[in-house]
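# Coordinates in review
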Amino acid sequence: LDEVERVLAMAEAGTPVPVRQSAVTAAASHDWPTDELYMAAAVEPHVRDRYGVEVLRCACERKVTGPRRDRLRYDVTVLDGETRRRLGLDGIQWHDGRAGRVARRYAALGEALADEPDAPRFPEQVAYLRDAGIQLLEPLEGVPFEVCLRGPDGPRAVEALARSLVALHRASTPVERARPL
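Residues numbered from 1 in each chain as written. Predicted model: local features only at pLDDT ≥ 70, side-chain atom pairs only at ≥ 80, totals over all residues. Heavy atoms only, no water.

### Details of a nonpolar patch on the surface
On the surface, Phe145, Leu149, Val158, Leu161 and Leu165 cluster together into a nonpolar patch covering about 380 Å² of accessible area. Every element with two or more residues in the nonpolar patch is listed here: helix H4 (145-150) and helix H5 (154-170). By residue number, the principal contributor to the nonpolar patch is H5, which donates 3 residues. Position of Leu165 among the secondary structure elements: in helix H5. (Patch = residues over 30% accessible without salt bridge, like charges linked within 9 Å, V, L, I, M, F, W, Y side chains within 5 Å. Areas by Shrake-Rupley, 256 points an atom, 1.4 Å probe, with all protein chains shown as cover. Salt bridge = Lys/Arg side-chain N within 4 Å of Asp/Glu carboxyl O. Helix = DSSP H or I, 4+ residues; strand = E, 2+ residues; numbered from the N terminus.)

### Examining the environment of Val53
For Val53, the location among the structural elements is in the loop between helix H2 (36-51) and strand S1 (54-65). For Val53, a relative accessible area of 2% corresponds to the buried category. In this structure the C-alpha to C-alpha distance between Val53 and Val78, which are 25 residues apart in sequence, comes to 6.1 Å. Every residue in contact with Val53, bar those within four places of it in the chain, is listed here: Glu44, Val47, Arg48, Val78, Leu79, Asp80 and Arg85. (Buried < 20%, exposed > 50% of the residue type's maximum accessible area, 1.4 Å probe, protein only. Contact = heavy atoms within 4.5 Å.)

### Regarding the sheet that holds strand S2 (residues 69-80)
The sheet built from 5 strands is open, its strands ordered S1-S2-S3-S5-S4 with antiparallel pairing. The open sheet terminates on both sides in strands that have one partner only, identified here as S1 and strand S4 (125-129). For this sheet, the mean inter-axis angle between neighbouring strands, taken without regard to orientation, is 25 degrees. Along the sheet, H2 contacts S1, S2, strand S3 (83-94), S4 and strand S5 (134-137); its crossing angle with S1, the most-contacted strand, is approximately 115 degrees. Together, S3, S4 and S5 form the strand contacts of helix H3 (residues 99-113), whose direction differs from that of S4 by roughly 155 degrees. (Pairing = 2+ DSSP bridges. Axes fitted to C-alpha atoms, helices over the stretch in contact; angles between N-to-C directions.)

### Considerations on the pairing of S4
As paired elements, S4 and S5 share 4 bridges and run antiparallel to each other. Residue pairing across strands places Gln125 opposite Leu137, the latter belonging to S5. From the end of S4 to the start of S5, which pair antiparallel, there are 4 residues, and Gly133 there has a positive phi angle of about 65 degrees.

### Some details on the confidence of the model for the chain
For the chain, per-residue confidence averages 81 on the pLDDT scale, and 82% of positions sit at 70 or higher. Across residues 21-27, confidence stays below pLDDT 50; counting only partners more than four residues off in sequence or on other chains, it has 9 contacts. (pLDDT = per-residue confidence, 0-100.)

### Remarks on the state of the cysteines
For the coordinates displayed, the defined rule picks out 0 disulfides. Take Cys58: it sits in no disulfide, and the sulfur closest to it among the cysteines is that of Cys60, at 7.2 Å. (Disulfide = S-S within 2.5 Å.)

So, in structure tokens, the structure goes:
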């Protein structure tokens, strides 16, 4: 609705409105996550709320394809005031209907660990796009554990990992169902 109102306002103001045609049909909904037009419209309210910018374009690259999920990388072009800039987002497209459960558990885990100094760092969840089964995350920055492990601070890296695992296991989060071990 916001996009329709924005386009109508542009048309009423005499501003040229670019018309783009999506190549994805409803029958090929599994391709929606890679369609620039669909994804720009889908991520726009979440990106606007989180970063205060307008989405101009949302290109996607499938990084890894698997039977249960695909890993995606989004290159989002945004307008920040009058400045164009790029924003990277990672996406996970779940194929088996578990996207909603994973997104809820992920958010609950983030809340449970928010005040824990030794907690592992997880990417911030930007949005859960229910219709496409996609969890959108900010890319996690830092030095990969393997690099730390091989360096002179390897023993400290192992200790930090152990503390973060303890914090993770102590976290109190609701679960939707229990699984026997």
